[in-house]
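Structure at a glance
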Amino acid sequence: MGERKKMKNRYRRFSFLSDIHGIKSSIGEMKGLGHPKQPPLNKNYTSREDDPVLNEEWFVDTIKENLVNHPDNIMEYPYYGERIFEEPLVGFVRGDDSLLTEYKKIIGPHHFTPFEIMKWQAEKNNVPAPDAEDLSVVSFVMPLTRKTKNDNAGRDDWVSERWAQTRLLGELFSQKFVREMVTYLMKRGILAIAPDVTPMFNKKRYPVVGWASPWSHRHMAYAAGLGSFGMHDLFITDKGCAHRTASFVVNLKLNPNRERQDDIHANCLHYQGIECLKCAERCPIDAITAEDAHDKERCMKRVEASTKYCNKNYHIFIYGCGICATGTPCEFGIPKPLQKEGP
Ligand code: SF4
Ligand code: SF4
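This write-up is about the structure you can find in this document. Here the structure is a predicted model, which is why all the values come from computation and not from measurement.

Lining the immediate surroundings of ligand 1 are 14 residues, of which Gly230, Cys268, Cys276, Cys279 and Cys330 lie closest. Across the shell around ligand 1, the residue classes tally to nine nonpolar, four polar and one charged.

For the rest of this paragraph, the subject is the environment of Tyr271. If you trace the backbone, Tyr271 turns up in the loop between β8 (243–250) and α10 (278–282). C-alpha of Tyr271 to C-alpha of Ala290: the two residues are 19 residues apart in sequence and 9.7 Å apart in space. Once residues within four sequence positions are removed from consideration, Tyr271 is found in contact with Met231 and His265.

What follows is about the nonpolar core. Among the nonpolar cores identified, the biggest contains 84 residues, and Val182, Ala192, Phe248 and Val249 are the most heavily contacted of them. Looking at which element gives the most residues to this core, the answer is helix α8 (residues 161–187), with 11 residues. If near-sequence neighbours (up to four positions away) are discounted, Val249 is found in contact with Pro114, Ile117, Met118, Leu135, Val137, Ala192, Ile193 and Pro195.

Within the secondary structure, Gly320 sits in the segment after α11 (296–314). Overall, the presence of 23 C-beta atoms within 10 Å leaves Gly320 in the buried class. Placed 10 residues apart in sequence, Gly320 and Cys310 show a C-alpha to C-alpha distance of 8.3 Å. With residues up to four places along the chain from it excluded, the contact list for Gly320 reads Val159, Trp163, Ala164, Arg167, Val303, Ser306 and Cys310.

Attention shifts here to the sheet that holds strand β2 (residues 136–143). Taken in spatial order, the four strands make up an open sheet running β1-β2-β8-β3, and their pairing is antiparallel. Of all strands in the sheet, those with a lone pairing partner are β1 (89–94) and β3 (192–193), marking the two edges. Here β1 pairs with β2 via six bridges, running antiparallel. Across the sheet, Val90 pairs through a bridge with Phe140, a residue of β2. Lying on the sheet, α8 is in contact with β2, β3 and β8; it crosses β8 at an angle near 20 degrees.

Quick look at unusual backbone geometry now. What you tend to see is this: most non-glycine residues have negative phi, and most peptide bonds are trans. A cis amide bond links Tyr77 with the next residue in sequence, Pro78, at an omega value of 5 degrees. If you check the backbone angles, Asp233 has positive phi at about 70 degrees while not being a glycine. The residue Asp233 is located in the loop between β6 (228–229) and β7 (235–236) in this model. On the neighbour-count criterion, Asp233 (17 C-beta atoms within 10 Å) is partly exposed. Unusually for a residue other than glycine, Ala293 sits at a positive phi of about 55 degrees. As for its placement among the helices and strands, Ala293 is situated in strand β10 (residues 293–294).

Most of β1 is tucked away, with six of its six residues classed as buried. Because side chains alternate across β1, one face comprises the buried residues Leu89, Gly91 and Val93, and the other comprises Val90, Phe92 and Arg94, equally buried.

Our next topic: helix α6 (residues 114–124). Looking only at α6, the buried set comprises Pro114, Phe115, Ile117, Met118 and Gln121. An end-on view of α6 places all buried positions within 165 degrees of arc, on one side of the element. Considering only its buried residues, α6 is in contact with α5 (98–106), β2, β3 and β8.

Let us look at the pairing of β8. Where burial is concerned, most of β8 is hidden: eight out of the eight residues are buried. Side chains of β8 alternate between two faces, with His243, Thr245, Ser247 and Val249 and Arg244, Ala246, Phe248 and Val250 buried alike. Where β2 meets β8, eight bridges bridge the pair, whose relative direction is antiparallel. Counterpart to Pro143 in the pairing with β8 is His243.

Moving on: the packing of helix α7 (residues 146–153) against α8. Contact pair α7 / α8: the axes reach a minimum separation of 7 Å and the direction vectors enclose 125 degrees. On the basis of their axis angle, the class for α7 and α8 is oblique. Here Lys147, Thr148, Asp151 and Asn152 of α7 lie close against α8, whose contacting residues are Arg162, Trp163 and Thr166. In terms of residue class, the contact of α7 with α8 is made up of one nonpolar, three polar and three charged.

The rules behind each value
- Sequence positions are assigned chain by chain, starting from 1 and proceeding in written order.
- To read the labels, note that chains go from A and ligands from 1, taken in the order they are written.
- Thresholds applied to this predicted model are a pLDDT of at least 70 for local features of residues and 80 or more for the giving and counting of side-chain atom pairs; totals over whole chains, interfaces and linings are not thresholded and use all residues.
- Should the C-beta atom of a residue, placed from the backbone, lie within 6 Å of a molecule or strand, that residue is near it.
- All amino acids are sorted into three groups, where Ala, Val, Leu, Ile, Met, Phe, Trp, Tyr, Cys and Pro are nonpolar, Asp, Glu, Lys and Arg are charged, and the leftover types, Gly among them, are polar.
- The numbering of helices and of strands both runs from the N terminus, where a helix is a DSSP run of H or I of at least 4 residues and a strand a run of E of at least 2.
- We call two residues in contact when the distance between their C-beta atoms, placed using the backbone, is within 7 Å.
- Think of a nonpolar core as buried Ala, Val, Leu, Ile, Met, Phe, Trp, Tyr and Cys residues chained together by C-beta atoms that fall within 7 Å.
- Here a residue counts as buried when 20 or more other C-beta atoms fall within 10 Å of its C-beta, as exposed when 12 or fewer do, and as partly exposed in between; the C-beta atoms come from the backbone.
- Note: two strands are recorded as paired if DSSP finds a minimum of 2 bridges between them.
- To get an axis, fit a line to the C-alpha atoms, keeping to the stretch in contact for a helix; angles then go from 0 to 180 degrees between the N-to-C directions.
- In this description, the arc belongs to the directions extending from the helix axis to the C-beta atoms.
- Every angle not falling under 35 degrees, over 145, or within 65 to 115 is termed oblique; those three ranges are roughly parallel, roughly antiparallel and roughly perpendicular.

Honestly, it's all geometry; don't read function into it.
Right, dumping it as structure tokens:
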């Protein structure tokens, strides 16, 4: 936190050289390199009377409380003191949920099942791999603040500075936060793993799906009933589509707390036959069309090109866009016509 506070007095001028956190994060994301070592499993843990019971309620409350009040959930200069993320949504998927195996067909054979990634962690700790039915995925959605959304909604060309900052700091923070959760569980003798901070994680271009990673937080969030996808391929939740998602696997049986929507596009107006396509109107390079929905390759090129813009204008080493996530009916929540009536 101190480092971010000091930033005001030594604001980056040559971020390609000086933004070491940004460079490390990009290399980690693309190549699976540079992540800190996995926390070891404490095989000799003896439970204490005051240990909290690690049930669904504990995960929801702990993630919500610790995330909102975390000292690193804070922006840098010139927004120092503002939060990066608001209160998250939290959900669970059982490790043997058949959808997670189907993801091998839907996303691609490279996508890990919870069992596969946990097997890697178990082997590293010299313990037998738990069965899929004894695993759960804990998934959470971290909404960006209104200020960040509003800044991007005011842009029609390149990403805003607040959004770019949250892209970089939010990624670093979410990795740190998940690591803290995993470390706590491993200390308590419970196998846990965050797939995206292991050497197993690297982004590649795959034949069917194009650019993809071997663990999709958003698909985990869909499986956990936290929302569904829009024309822009973003994930539309009760708190909108401008957020980051995170997830980890744990050797506990946690029951789903939300009902999964059968239709993967249930929260998108266009897919539900209601006139919209505001995301397509917002996209500065026409990467979203009624005919072909979201052109991932075209979008990726634009997003990559934004690194230069962010460097020149904001002095940070990051790429981002999210113009189509803001100024739309799905920015802050599920679009009104699709909201379900309360009980
Ligand atoms: S802006 Fe409209 S069409 Fe685009 S994803 Fe959101 S609800 Fe769907
Ligand atoms: S993120 Fe991609 S699809 Fe969305 S506005 Fe930017 S370039 Fe267009």
